[in-house]
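Commentary on secondary and tertiary structure
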Amino acid sequence: MRVLVTGGGGFIGAWILRELAREGFIPVVLDRADDRTKVGHIAGLDFAAGLEWVSADIADTRAVVDAARGCERIIHLAGLLTPACRADPILGAQVNLLGTLNAFLAAREHGMPSVIYMSSIGVFGPDGGPEPHPTTLYGAYKLASEHSARAFFEDDGIASIGFRPYVVYGPGRDGGLSAGPTLACRAAARGEAYTMPITGSFDMIHVADVAAAFVQAVRMPLAGAHVVNLLGQSTSADDVVAAIREAVPGARIDCAGDPMPIACPDRDAALASLLPDWRPTDLETGLRSTIDFYRGPA
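In this report, the structure presented in the accompanying data block is examined. (Residues numbered from 1 in each chain as written. Predicted model: local features only at pLDDT ≥ 70, side-chain atom pairs only at ≥ 80, totals over all residues. Heavy atoms only, no water.)

Overview of the sheet that holds strand β1 (residues 2-6)
Spatial strand order, β3-β2-β1-β4-β5-β6-β10: seven strands in an open sheet with parallel pairing. Pairing within the sheet leaves two strands with one partner each, and these edge strands are β3 (52-55) and β10 (225-229). Between one strand and the next, the sheet's axes are offset by a mean angle of 15°, whatever the strand orientation. Here strand β2 (residues 26-31) pairs with β3 via four bridges, running parallel. In the sheet register, D31 faces β3, and the bridge partner there is S55. Along the sheet, helix α8 (residues 207-219) makes contact with β1, β4 (73-76), β5 (114-118) and β6 (159-164), crossing β5 at roughly 165°. (Pairing = 2+ DSSP bridges. Helix = DSSP H or I, 4+ residues; strand = E, 2+ residues; numbered from the N terminus. Axes fitted to C-alpha atoms, helices over the stretch in contact; angles between N-to-C directions. Contact = heavy atoms within 4.5 Å.)

Have a look at this one:
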């Protein structure tokens, strides 16, 4: 099965490409930049140079529809993070919202039964309420995308799952406020000092677990438009610092700044029913593997 991965040139995309190939799928990448070398380095892909790659803008409807020709599923990841959406709200809407519409339009054009897409815990705000209440443009665009996915199911029968992770960490994460834990692992591995720019509590999930969830969802016969909180392990910035210092004695890692501007919601019971075999990596194991990656070959 051929699977179009929009935004496949990014951090999470690289890991999903690896998981797709490992499970026997044929990935096709749509991304603005053709950076196969970076993708190969992040996820250890020895086939990265031979990937089918379409260099195009996710906001270009025709380009997305054309890229999806011959594919049977779409994994939609392309998006801009919170700082970029704040800096340029129009561009943020074009990429994060119109891009999602284009992914579903491509699925409709080619008769695909489902789309698996990236949402975010950013749809929630700092008040800790059980219902989404975003206080950022990024969160607003993601929530609008979730509602759009439901409309495509009602109008066209296209099923979907939108995954909402919080802090995704692991080899290759280098952008966004929540990159702090990964950058701390990199600094510790290199013997450098680093202050994570976040404090307080949040949830962390290893990127390999995110990739596994997406690929399991591709295999599923879906019905309906689902959105699930994809959580790994609840932790705090202080606990992350302590775990890194335990893994690397003498590591010059600390944290400072404001808490993450999102109150983490409860675990989603729907996740267990949708992906009964999915299990997240424990935090200590995930942090150590990330540190090992940045240390390089022994």
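Here the narrative resumes, following the displayed structure.
A look at the pairing of β5
Counted residue by residue, β5 has five buried out of five residues, so it is predominantly covered. Burial along β5 is two-sided: S114, I116 and M118 facing one way and V115 and Y117 facing the other are all buried. With three bridges joining them, β4 and β5 adopt parallel strand pairing. When the sheet's bridge partners are listed, I75 is paired in β5 with I116. By the bridge criterion, five bridges tie β5 to β6 in an arrangement that is parallel. (Buried < 20%, exposed > 50% of the residue type's maximum accessible area, 1.4 Å probe, protein only.)

Observations concerning α8
The end-to-end C-alpha distance of α8, which contains 13 residues, comes to 19 Å, matching closely the 18 Å that a straight helix rising 1.5 Å per residue would cover. Of all 13 residues in α8, 10 are buried, a share of seventy percent or more. Looking at α8, one finds that the buried residues are V207, D209, V210, A211, A212, A213, F214, V215, A217 and V218. (Expected span 1.5 Å × (residues − 1).)

Side note on the environment of L287
The topology assignment puts L287 in helix α11 (residues 283-295). L287 sits 40 residues away from A247 along the chain, and the two C-alpha atoms are 8.3 Å apart. If we ignore the near neighbours within four places in the chain, the residues touching L287 are Y169, C185, M204, V240, A243 and I244.

Considerations on the pattern of salt bridges
Applying the stated rule across the entire model yields nine salt bridges. The partner of R22 in a salt bridge is E23, and the shortest N-O contact between them spans 3.2 Å. Through salt bridges with shared partners, a single ionic network connects E19, R22, E23 and R219. (Salt bridge = Lys/Arg side-chain N within 4 Å of Asp/Glu carboxyl O.)

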